[in-house]
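An overview of the molecular structure
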Amino acid sequence: MATTAMQKANRLWSVFQEGRQAMGMWQMIPGANVSRALARTGVDWIMVDCEHGNMDDRAMHDAVPAIAAAGVSPIVRLPDMQSWMVKRALDSGAHGILVPLLRNVEEAKELVQSAKFPPLGKRGFGSPLAMERFNPIPSMTEYLQQANGSLLTMVQIETKEALDAVDAIAAVDGIDVLFIGPFDLGNNIGHPIITGSMDPELKEAIARILEATRKAGKKCGIYCSTGEQAKVCADQGFDMINVATDFTSLTAIASHELSVAKNQTVPGRGLSY
């Protein structure tokens, strides 16, 4: 099947198709200028975090076009998998969505229904904003015809229930990416990340998710806090890797520069995992 114009305009989709690893950053601080600053770093995608970040509906609608205008894929992490949240994110022009705390196959199937236009799903059609986040800009008809195959639907595997059902979840048609949240996954399987240390059981769970994703022919992503962590995950073969988060990176660089100015010991980045 020929690649559509919208697929080509979705940078993350294109990187996946080319078999390359996609590096991204996490936006938790609202503001289009923050979005643009992150997008200019050379990343392939930016996660607009509406779950844990200070990002409400208006902030999301500011971030998505700013990111897309820089030629980077805006991905929205929803607070929950409710269908109206899916619709709001996709109608803003997001190139993909990420749903946290998925628990089972049934929820994965429901998410696909919310994210796809009929006949594959039940997404409503009508936003004039979504098509403007692609270049060249598709007509409304072209968006309707191409969106189902161009927008990425992602789920976070970070609960014990989802881990137990990971093979079945990975096999669900319409789920493109299984994304690992190490912190919640560790908490939910009884092996939390403490002072930056990851238990062997958590490492095994992460490896199991990566293996299940590979078997299903899907892509696997993971949240990392630093470039060093991201490099390790890249070497392990992850497809979609977070490199940095705006809030923590801002704090780290500001603390570093202040320490240099005061001729004090430069603080480390701190332990994460």
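All of the points below concern the structure found in this document. (Residues numbered from 1 in each chain as written. Predicted model: local features only at pLDDT ≥ 70, side-chain atom pairs only at ≥ 80, totals over all residues. Heavy atoms only, no water.)

Details of the nonpolar core
Val-76, Tyr-143, Ile-209 and Phe-238 are the most contacted members of the largest nonpolar core, which totals 67 residues. Among the elements that take part in this core, helix α11 (residues 200-216) stands out by supplying 6 residues, more than any other. For Tyr-143, the residues in contact, after removing those within four places along its chain, are Met-6, Leu-90, Phe-117, Arg-123, Phe-125, Ala-130, Met-131, Phe-134, Pro-138 and Leu-151. One finds Trp-45, Ile-75, Leu-98 and Tyr-223 within the second-largest nonpolar core, a separate group that totals 16 residues. (Core = buried A, V, L, I, M, F, W, Y, C linked by side-chain atoms within 4.5 Å. Buried < 20%, exposed > 50% of the residue type's maximum accessible area, 1.4 Å probe, protein only. Helix = DSSP H or I, 4+ residues; strand = E, 2+ residues; numbered from the N terminus. Contact = heavy atoms within 4.5 Å.)

Details of the pairing of strand β6 (residues 177-180)
Every other side chain in a regular strand lies on the same face of the sheet, so the side chains alternate between the two faces. The alternating pattern of β6 places Val-177 and Phe-179 on one face and Leu-178 and Ile-180 on the opposite face, and all of these are buried. In terms of strand pairing, strand β5 (residues 152-157) meets β6 through 4 bridges, oriented parallel. Within β6, the position partnered with Ile-157 by the bridge is Ile-180. As paired elements, β6 and strand β7 (residues 219-222) share 4 bridges and run parallel to each other. Pairing of Val-177 across the sheet is with Lys-219, part of β7. (Pairing = 2+ DSSP bridges.)

Remarks on the layout of surface pockets
Estimated volume of the second largest pocket: approximately 370 Å³. Looking at the second largest pocket, it is lined by 18 residues, and the ones nearest its centre are Lys-116, Gly-174, Ile-175, Asp-176 and Lys-218. Listing elements by their share of the lining of the second largest pocket, those giving two or more residues are α2 (11-17) and α7 (140-150). Split into classes, the residues belonging to the lining of the second largest pocket amount to 7 nonpolar, 6 polar and 5 charged. (1 Å grid on protein atoms, 1.4 Å probe; cavity = no way out; pocket = protein on both sides within 12 Å on 5 of 7 lines; lining within 4 Å. Points joined across faces, edges and corners; volume = space filled by probe spheres on them. Nonpolar A, V, L, I, M, F, W, Y, C, P; charged D, E, K, R; others polar.)

Structural notes on the pattern of salt bridges
Across all of its chains, the model carries 12 salt bridges by this definition. Across the pair Arg-88 and Asp-57 runs a salt bridge, and its minimum N-O distance is 2.7 Å. Note that Arg-88 is positioned in helix α5 (residues 83-91) and Asp-57 in helix α4 (residues 57-69), a separation of 31 residues in sequence. On the basis of relative accessible area, Arg-88 is assigned to the partly exposed category, the value being 36%. (Salt bridge = Lys/Arg side-chain N within 4 Å of Asp/Glu carboxyl O.)

Side note on α11
Spanning 17 residues, α11 covers 25 Å between terminal C-alpha atoms, matching the ideal 24 Å at 1.5 Å per step. Of the positions making up α11, those classed as buried are Leu-202, Ala-205, Ile-206, Ile-209, Leu-210, Ala-212 and Thr-213. Axial view of α11: buried residues confined to an arc of 160 degrees, hence all on one face. In α11, the exposed positions angled more than 90 degrees off the buried face are occupied by Pro-200, Lys-203, Glu-204 and Lys-215. (Expected span 1.5 Å × (residues − 1). Arc of directions from axis to C-beta.)

Focus: the packing of α5 against helix α6 (residues 105-115)
With their axes 9 Å apart at the nearest point, α5 and α6 run at an angle of 45 degrees to one another. One way to sum up the angle between α5 and α6 is to call them oblique. Between α5 and α6 the crossing geometry is right-handed. Residues Ser-83, Val-86 and Leu-90 of α5 form the contact with α6, whose own contacting residues are Leu-111, Ser-114 and Ala-115. (Axes fitted to C-alpha atoms, helices over the stretch in contact; angles between N-to-C directions. Parallel < 35°, antiparallel > 145°, perpendicular 65-115°, else oblique. Left-handed = near helix turned anticlockwise from the far one by under 90°.)

Focus: the pairing of strand β8 (residues 240-245)
β8 sits mainly inside the fold: 5 of its 6 residues count as buried. Bridging between strand β1 (residues 22-27) and β8 involves 5 bridges; their strand directions are parallel. Within β8, the position partnered with Met-23 by the bridge is Ile-241. What joins β7 to β8 is helix α12 (residues 227-236), and the crossover it makes is right-handed. (Right-handed = clockwise from strand over helix to strand, strands pointing away.)

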